[in-house]
Amino acid sequence: MQEYLTENEIVEHTAIAHYKYENSLAGLAGIGSTYGVPVQGILVSTNSRLLFYGEVIKSIPVFVDIKYTDINRIEEKKMNYGLLKSIPAIIVSHKETETFTTQGNPDEFSKLKSFFELVKKKVASQQN
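First, a word on scope: everything that follows refers to the structure included in this document. (Residues numbered from 1 in each chain as written. Predicted model: local features only at pLDDT ≥ 70, side-chain atom pairs only at ≥ 80, totals over all residues. Heavy atoms only, no water.)

Next up on the list: the environment of arginine 73. If you trace the backbone, arginine 73 turns up in strand β5 (residues 73-81). For arginine 73, a relative accessible area of 43% gives the class partly exposed. Residues arginine 73 and lysine 120 lie 47 residues apart in sequence; the distance between their C-alpha atoms is 8.6 Å. Not counting the four nearest positions on each side in its chain, arginine 73 is found in contact with Ile91, Val92 and Ser93. Among the polar contacts made by the side chain of arginine 73, one reaches the side chain of glutamate 75 at a distance of 2.8 Å. (Helix = DSSP H or I, 4+ residues; strand = E, 2+ residues; numbered from the N terminus. Buried < 20%, exposed > 50% of the residue type's maximum accessible area, 1.4 Å probe, protein only. Contact = heavy atoms within 4.5 Å. Polar contact = N/O pair within 3.5 Å; in protein donor to acceptor, adjacent residues only side chain to side chain.)

Have a look at this one:
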């Protein structure tokens, strides 16, 4: 993740999550699309933005870069998982819609939720 940071950028928090792409091809680094396919990776909050890096397979990286000033809303919702099950997810709305989950793991989701509470505070401070 270090290679994606700018000169004065500082990593403040990290979390493991699954990313599910929702809208178009924006946010992908490299080839391919993750539409409908959750990709496990690392979420990083810095002093200026939210980053996600994961790999669909080794040669297909997925990189999401969202400036705090671009974020309109962060909310918890249920998403379909399998035929009859739903799991909690965090939805980040900006120019696109990004979904982050833990694939139904309640302990990991609690950590993810705490991570996004810190991100919400950062978003509020950057937008004021």
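Our focus in this paragraph is unusual backbone geometry. Here the phi dihedral of glutamine 103 falls at roughly 60°; this positive angle occurs in a residue that is not glycine. On the basis of relative accessible area, glutamine 103 is assigned to the partly exposed category, the value being 22%.

On their own, these measurements won't tell you what the molecule is for.
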